[in-house]
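# Observations on the three-dimensional arrangement
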Amino acid sequence: MPIVTQNEAQALLKKVLAFSKADECEVILFGQDSANLRYARNAVSTSGGNSNSTLVVASAFGKKLGIATINEYDEVSLEKVVRRSEELARLAPENPEHMPALGPQQYQPSPATYNADTAAIDPRFRADEVAKSLRITKENKLVAAGYLENTTGFSSMMNNKGLFAYNNYTDVNFSVTLRTEDGTGSGYASKGFNDVNGLNISAATSVAAKKALASKGAKAIEPGKYTVILEPLAGLVLLENIINSMDARSADEGRSFLSAPGGKTKLGEKLMDDRVTIYSDPWSKELPSSHYARDGRPQEKTTWVDKGVIKNIHYSRYWAQKKNVHAIPEPDRFIMEGGNTSLEDMIQSTEKGILVTRLWYIRPVDPQTLLFTGLTRDGTFYIENGEIKFPVKNFRFNESPVIMLNNLETLGKPERTVSVESGINALIPPMKIRDFTFTSLSDAI
Amino acid sequence: MKRRQFLQMAGMGMGAGLLAQIPLVGHAVSLDRPWYTIDVARKKELADVALNAARSKGATYTDVRIGRYLNQFIITREDKVENIANTESYGIGIRVIANGSWGFAATDKMDRDSIARTAALAVSIAKENARLLTEPVQLAPQKGYGEVSWKTPIEINAFDVPVKEKAELLLSVNDAALKGGASYVGSNLFLVNEQKYFASSEGSYIDQDIHRIWPYFDVTKVDAATGKFEVRESLGAPRGMGYEYLVPRESDKIKGITTLYRDRYDILEDARQSARQVEEKLKAKSVEPGKYDLVLDPTNLWLTIHESVGHPTELDRVMGYEANFAGTSFLTLDKWKSGNFNFGSPIVNLVADKLQPGSLGAVGYDDEGVATQQWDLIKNGKLVNYQTTRDQAHIIGLDHSQGCSYSQSWSDVQFQRMPNVSLQPGTAKLSPADIIKNVERGIFIAGRGSFSIDQQRYNFQFGGQLFYEIRNGQITGMLKDVAYQSNTQEFWNSCKAIADKSDYRLGGSFFDGKGQPMQSSAVSHGASTARFNGVNVINTARKI
């Protein structure tokens, strides 16, 4: 099935619902065309594309729910998938936590998540763009490994209680690692956009090249607590774990960093520096995202952390009803407010510190304190008296992003950034942090 | 099964809305629908359409994978079944070489015209990419096997077991944990059946039927007064087995400070002991950081093997093909060529094996039609080999591939993935108890915990589920806040004892991520309990 318009989706979903005999029926249609070009050792390695779509039908009899999916769209198939979901619903055990289907929702206008130029990317465009990256690589006598991927997709949902939602989107993501021929230096850059016109592969590759060349001959310095300047790429992989861990039910049940003794939560408490404000806004020009959540609820502009205070946490519909609160769904993307300090100014104002390009292999160590471990990678530099003095060997850290955001020194201007761990896009400022805990050294380059 | 698919399934409630993010769930399958396969003659007919279309467009080599991937997820918490979902994905992936370059395309439209168009697209992508080549793809020779088949040797097809029975087992697990004092418990059962058909322009038509099972739970105990909580995860492993894995046998139990399991898993018993242990964890002593002799149970050691041996011996990483994402490897070709690189102590022998019965990685043929095999990676502590696919074998002078190609789905391109990589048991009679009784100051660790390793696989940090302090040859009590850090080479050189084969067990991962776009693979790692001297242990307790 090609990418369908809002009207086409509406017509198809209405047709599916007409087959329903269940108390409630909810139908979801989504699909995407995606293609990529991967390169390594200064040549193409693998490349491909696929196109797929899925129709999901959820039928409910009382609190018994059945879900069936299909990817064929003739009338016989559509009726078949509805009957099958009804059959599953009759077999399924009753779930007391099942929530009734939502009625019609008031959605704000669609954010600018779709861009025609991005949707028009073809194999030639990808090869031409990667050729630009390879040209810069070879000029600098480096070895490239990179990845360019473009996606055009849509999602839509409708139910027999009157809800209908539709969103389409495009994404293009590029990342590149450049290594010196002797393997003693490495630099990285990554960029993601809805609109391909914002992507400058040459500029990104040049940044990675500069870091690769500058990172040769890294020296070992003792692990310990250091002032660090985290570039947005590095900060995002820690900050996304705060947003992901802000689930209300876990907090209420006492098994979250937001749980407090006595069955209470830290909602409303100040846990971070005054300058920390994190919010989500589907209508952000720089970071648009879907205006409806996976369960059909409207997304809202929501402040999660306001001047260091936990302002909101996200709720499932069931838990919100149980707690009798306004239910805010989890955001797709998030933005952290920053300041006006440039990265260069941050370096100049640092007496002794470490500049970190990228963090890698981030894993939770303790959910109670949101402690994470991971390593620096692809460009780690020692700063002294306001200047980058020399590249340093990579470190392992053990740090909680909550503790980190209490040790904030300076914030820079937010940049759109792609997480190397989850793949999400976010707007994150560079951050200067004191007392960041490095626990051991790594020889990896 | 794709990791994202699993995470979405595991995380979703009964609202269908969350399914919107699941890619490629494909066709629907009734919960108790009889298990079936697609007729092999039909698959051959469709494969021939692709092979002929690709050849007519200029492909010099083509392989075709027709996949039907069936998953079942049963997800419960406390006394509720949160979700039961069956998903099926059916389609074709076509990989070609044209003008010396790889090209790949996939479709779920299984008619002849769509397949021919997809083959033509794969060829056009290969030709477009050829201008970015520095050297043409070089394939190791591979004879066509003709029409052959292979099946995971299961005793009970888990898809044939009524859903009600499986859900009731999980609810019993939850009940056992709650009655034992747990505050919360969640349990899941994940079943996978990969029906894979491979055909190539070299004359192979390979039909395989692969089964995997993963029963899992986690138990949480909250101390409301202090606000502290602890979690204990199940100690059972995912396996390449049928439902017989969940039919317990006393002969498969290893009794000790906690009961551990070989080839059959008593999930109910494990849930009962987890409820006791999670309570004990709340009261446990916080570890004093420093150097300890670690006695690592296979339920913990498998993940250390995976990260510090499995990944760095992947030849694509060694060569730089994963440099942008998963990283490279410290086990560079010069170290292998020397024939004398000291990876570990002389008792350390690590074997790659895609034949091992009951393992997650066992198949008859890999995803480019190479019959599977077993070979040494580390022999008596020395690096002796890597893991290869057909286009890598020539790099290390092999005239054949080692059969390490895998794709998570028909819609993703296959590439080099890890076989089962296992530590061989000690040759002398030695039990875990024998090992512990010689430890003066140490920690016994069981279960998988936090894990992280650098991009060249030197520096790592691992946690666990259960930590027991050893003093003067005796286990003295439980510890918490434990993580061990080491360097791969130092760690394996500190290996001073390995229990014998009577203690050998498989651990494993359903979701080992690698590649761009990232793909998941399932892989097992066997080991017997082993001792590592003088490993650095840190204390992970913090305050916020």
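What you are looking at is a predicted structure, and each value in this text was computed from that prediction instead of being measured.

### Concerning the nonpolar core
A general trend in soluble globular proteins is that nonpolar side chains are found buried together. Counting residues in each nonpolar core, the largest one holds 58 residues, and the members touching the most others are Leu301, Leu423, Ile443, Tyr484 and Trp492 of chain B. Of all the elements, helix 6 (residues 298–310) of chain B adds the most residues to this core, at five residues. Judged by nonpolar contacts, the second largest core, of 57 residues, contains Ile328, Ile354, Tyr382 and Leu405 of chain A.

### Brief notes about the UniProt feature "domain: Metalloprotease TldD/E C-terminal" (unreviewed entry) in chain B
When the UniProt feature table is mapped onto this chain numbering, "domain: Metalloprotease TldD/E C-terminal" (unreviewed entry) sits at residues 289–537 of chain B. In the segment residues 289–537 of chain B, helix accounts for 14% and strand for 36%; the C-alpha atoms at its two ends are 5 Å apart.

### Description of unusual backbone geometry
A cis amide bond, omega -5 degrees, links Gln516 of chain B with the succeeding residue Pro517 of chain B. Positionally, Pro517 of chain B belongs in the loop between strand 26 (505–514) and strand 27 (519–527). One non-glycine residue, Asp435 of chain A, lies in the positive phi region at around 55 degrees. Among the structural elements, Asp435 of chain A can be located in strand 21 (residues 431–442). The exposure class assigned to Asp435 of chain A is partly exposed, which follows from its relative accessible area of 39%.

### A word on the domain arrangement of chain B
Residue and element names in this part refer to chain B. Looking at the assigned domains, one finds that chain B contains domain 1 (3–283) and domain 2 (286–539). Here the C-alpha centroids of domain 1 and domain 2 sit 22 Å apart. With 60 residues of domain 1 at the interface, the matching set in domain 2 holds 52 residues. Where domain 1 meets domain 2, there are three salt bridges. The salt bridge partner of Glu202 is Arg390, with a shortest N-O separation of 2.8 Å. For the pair domain 1 and domain 2, the interface holds 21 residue pairs in polar contact (both at pLDDT 80 or more). Of the residues that constitute the side of domain 1 that touches domain 2, the class distribution is 33 nonpolar, 11 polar and 16 charged.

### Here we look at the sheet that holds strand 11 (residues 302–306) of chain A
All names here are of chain A. If you walk across this open sheet you meet the six strands as 12-11-10-13-20-19, and the pairing is mixed. Each edge of the sheet is formed by a strand with only one pairing partner; in this case those strands are strand 12 (309–310) and strand 19 (415–418). Alignment of strand 13 (residues 334–336) against strand 20 (residues 425–428), held across two bridges, turns out to be parallel. Looking at strand 20, one finds that Phe334 is bridged to Ala426.

### Brief notes about the packing of aromatic side chains
Inspection of every chain in the model, using the stated rule, returns 35 aromatic pairs over all chains. Aromatic side chains Trp492 of chain B and Phe532 of chain B sit 5.5 Å apart centroid to centroid with 80 degrees between the ring planes, which places their arrangement in the edge-to-face category. Taken together, the residues span a long stretch of sequence, with Trp492 of chain B in helix 10 (residues 488–493) and Phe532 of chain B in strand 28 (residues 530–539) at a distance of 40 residues. Residue Trp492 of chain B shares its accessibility class with Phe532 of chain B, and that shared class is buried. Through a chain of ring-to-ring contacts, the aromatic side chains of Phe330, Phe341, Phe343, Tyr458, Phe460, Phe462, Tyr484, Phe491, Trp492 and Phe532 of chain B assemble into a single cluster. Lying across the ring of Tyr188 of chain A, Arg358 of chain A places its NZ or CZ 3.8 Å from the centre. Looking at Arg95 of chain B, its charged tip hangs above the ring of Trp102 of chain B, at a distance of 3.9 Å from the centre.

### Re the packing of helix 2 (residues 40–56) of chain B against helix 3 (residues 112–129) of chain B
Residue and element names in this part refer to chain B. One way to put it is that helix 2 packs onto helix 3 with a least axis distance of 8 Å and a crossing angle of 40 degrees. One element, helix 2, and the other, helix 3, form an angle in the oblique class. Helix 3 is crossed by helix 2, and the crossing has right-handed handedness. Residues Glu45, Leu46, Val49, Ala50, Ala53 and Ala54 of helix 2 touch helix 3, and the partners they reach there are Arg112, Ile115, Ala116, Ala119 and Val123.

### Observations regarding the interface of chain A and chain B
With 100 residues of chain A at the contact, the number on the chain B side is 87 residues. Both sides together, the interface formed by chain A and chain B hides about 7,900 Å², and carbon and sulfur atoms give 54% of it. Three residues, Arg38, Arg255 and Arg294 of chain A, lead the burial of chain A against chain B; their summed loss comes to 9% of the area buried on that side. Note that Arg77 of chain B and Glu253 of chain A form a salt bridge whose closest N and O atoms lie 2.8 Å from each other. Top element by residues in the side of chain A that touches chain B is strand 2 (residues 43–61) of chain A. It accounts for 13 residues. Within the side of chain A that touches chain B, the residues separate by chemical class into 43 nonpolar, 34 polar and 23 charged. Sheet topology note: the strand 2 of chain A/strand 4 (residues 101–107) of chain B ladder contains three bridges and is parallel. Bridging from a neighbouring strand, Gly49 of chain A pairs with Ala105 of chain B of strand 4 of chain B.

Quick notes on the rules
- Residues numbered from 1 in each chain as written.
- Chains lettered and ligands numbered in written order.
- Predicted model: local features only at pLDDT ≥ 70, side-chain atom pairs only at ≥ 80, totals over all residues.
- Heavy atoms only, no water.
- Core = buried A, V, L, I, M, F, W, Y, C linked by side-chain atoms within 4.5 Å.
- Buried < 20%, exposed > 50% of the residue type's maximum accessible area, 1.4 Å probe, protein only.
- Helix = DSSP H or I, 4+ residues; strand = E, 2+ residues; numbered from the N terminus.
- UniProt positions renumbered as here; feature names shortened; annotations may be inferred.
- Domains from an automatic or database assignment.
- Contact = heavy atoms within 4.5 Å.
- Salt bridge = Lys/Arg side-chain N within 4 Å of Asp/Glu carboxyl O.
- Polar contact = N/O pair within 3.5 Å; in protein donor to acceptor, adjacent residues only side chain to side chain.
- Nonpolar A, V, L, I, M, F, W, Y, C, P; charged D, E, K, R; others polar.
- Pairing = 2+ DSSP bridges.
- Phe/Tyr/Trp six-rings, centres within 6.5 Å; stacked < 30°, edge-to-face > 60°.
- Lys NZ or Arg CZ within 6 Å of the ring centre and 35° of its normal.
- Axes fitted to C-alpha atoms, helices over the stretch in contact; angles between N-to-C directions.
- Parallel < 35°, antiparallel > 145°, perpendicular 65-115°, else oblique.
- Left-handed = near helix turned anticlockwise from the far one by under 90°.
- Buried area = accessible area lost by both parts, 1.4 Å probe.

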